[in-house]
Amino acid sequence: MAHRIAVIAGDGIGPEVTAEAVKALKATRADLEFEEALVGGAAYDATGHPLPKETLELCKSADAVLLGAVGGPKWDKVEPVALRPEVGALLPLRSELNLFANVRPAKTLRPLLSASPLKGERGLVDLVVVRELTGGIYFGKPRERRDNGEVAIDTCVYSKPEVRRIAERAFEIARHRRREIVSVDKANVLETSRLWREVVDEIAAQQPDISVSHMLVDNCAMQLVRNPQQFDVILTENMFGDILSDEASMITGSLGLLPSASLSTPKNGKVFGLYEPVHGSAPDIAGQGKANPLAAILSAAMMLEYSFGDREGADRIEKAVEAALDDGLRTADVFEKGCRLVSTSEMGDAIAKKIIS
Ligand code: IPM
Ligand code: MG
């Protein structure tokens, strides 16, 4: 049976890079069906809501979701805040679809090593941030203003089951890698972090084939720059994961390269997931063919692997990306002398061609 993919391209460079990811998917397999829907600012402009009911329904009924990016300065001041693309579309998508496990690999692509801000071989990383995505301070209640707006409150809450399910996912992922987890928290200050540690230690005791250590988040931020190669799997809560995944991704040279998967609980051996590039909507370069489609294309590869169990298809896409880079093709963000500057769609075409051949 065909796999149904909901394509929600969103704002800014979202539509451009998503189109290239769809190209790569079509080049890899013939049994995929694509259905498009509006999300983000584009949906707000057209319907008055950044996550229309039809879009949410489509995503719920699909086998996987491909998301571009949402948001931009045009919608930063929309009132109420609940109608802005990030708060009104991205966060509800995560919670409504139960996408509690955010997997963000940061892997340096050899041909792009010189784009890393770290010198020489130090920029060679291969790690994955496993970020809890539906709990913590992003979703805690109350979130409100008090005292005539003079005081603001955000609340950080975690329950043991919430920590357990994300930690278990990290253990599974580690088992296919170097089997090393660094669990990151702020246990010297936060109660939620002490609970986090307790749960991670319980699971570590049951799964002794995986080595587990704990690191405070400020130290982790520093270690990522000092010696990123020490990391294999970083397991952390929602907000720390937001920050550390941006930091880790930059080590690879460009935010434009990093894919991500946001996964739910497995059902019948299949994992429902939403796949999106880590970069945002980059409104400053939107519509100019300058965006790097690699993150979106590599997100499509993650979809094949995680949601459709097609490691071979994922491999073909990843190899095609490397081959295009080896040929010297570069979008503007990672351009260097001696390479050939290509547009978003030229890069996508070249990769699709390599997948087919
Ligand atoms: C991300 C983004 C989002 C987040 C924003 C846009 C709400 O930064 O996916 O990392 O903080 O989760
Ligand atoms: Mg972020």
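Note that the structure is a prediction, hence the values are computed from the model and not measured. (Residues numbered from 1 in each chain as written. Chains lettered and ligands numbered in written order. Predicted model: local features only at pLDDT ≥ 70, side-chain atom pairs only at ≥ 80, totals over all residues. Heavy atoms only, no water.)

Overview of the sheet that holds strand β4 (residues 101–107)
(1) Moving on: If you trace the ten strands from one edge of the open sheet to the other, you get β2-β1-β3-β12-β11-β4-β5-β10-β8-β9, paired in mixed fashion. The two strands at the open ends of the sheet, each matched to only one other strand, are β2 (32–36) and β9 (211–216). When strand polarity is set aside, the average angle formed by the axes of neighbouring strands in this sheet is 25 degrees.
(2) Moving on: Pairing of strand β1 (residues 3–10) with strand β3 (residues 64–69) involves five bridges; the strand directions are parallel. (Pairing = 2+ DSSP bridges. Helix = DSSP H or I, 4+ residues; strand = E, 2+ residues; numbered from the N terminus. Axes fitted to C-alpha atoms, helices over the stretch in contact; angles between N-to-C directions.)

Thoughts on the environment of Gly 140
(1) Moving on: Looking at the element boundaries, Gly 140 is found in strand β6 (residues 140–146).
(2) Moving on: Among the residues examined, Gly 140 registers a relative accessible area of 6% and is labelled buried.
(3) Moving on: Residues Gly 140 and Glu 168, spaced 28 residues apart in sequence, show a C-alpha to C-alpha distance of 22 Å.
(4) Moving on: Apart from the residues within four sequence positions on either side, Gly 140 is in contact with Thr 155 and Val 157. (Buried < 20%, exposed > 50% of the residue type's maximum accessible area, 1.4 Å probe, protein only. Contact = heavy atoms within 4.5 Å.)

Re the pattern of salt bridges
A side chain of one charge can pair with a side chain of the opposite charge when the charged atoms of the two come close.
(1) Moving on: Per the counting criterion, the structure on display carries 30 salt bridges.
(2) Moving on: The partner of Arg 146 in a salt bridge is Glu 144, and the shortest N-O contact between them spans 2.6 Å.
(3) Moving on: On the basis of relative accessible area, Arg 146 is assigned to the partly exposed category, the value being 38%.
(4) Moving on: According to the relative accessible area criterion, Glu 144 is partly exposed, its value standing at 32%.
(5) Moving on: One salt bridge in this structure joins Arg 197 and Asp 185, with 2.7 Å as the shortest N-O distance. With Arg 197 in helix α6 (residues 191–206) and Asp 185 in strand β8 (residues 180–185), this pair connects stretches of sequence that are twelve residues apart.
(6) Moving on: The exposure class of Asp 185 is buried, given its relative accessible area of 1%. (Salt bridge = Lys/Arg side-chain N within 4 Å of Asp/Glu carboxyl O.)

What about the site of ligand 1?
(1) Moving on: The local shell around ligand 1 consists of Glu 86, Leu 90, Arg 94, Arg 104, Arg 131, Tyr 138 and Asp 242.
(2) Moving on: Between an oxygen atom of ligand 1 and a side-chain N or O atom of Arg 131, the distance comes to 2.8 Å.
(3) Moving on: Between Asp 242 and ligand 1, the recorded distance is 2.9 Å, taken from a side-chain N or O atom to an oxygen atom.
(4) Moving on: Contact with the protein chains hides 73% of the accessible area of ligand 1, taken as 320 Å² for the molecule alone.
(5) Moving on: If one sorts the elements of the shell around ligand 1 by residue count, helix α4 (residues 85–96) sits on top with three residues. (Near = heavy atom within 4 Å. Polar contact = N/O pair within 3.5 Å; in protein donor to acceptor, adjacent residues only side chain to side chain. Areas by Shrake-Rupley, 256 points an atom, 1.4 Å probe, with all protein chains shown as cover.)

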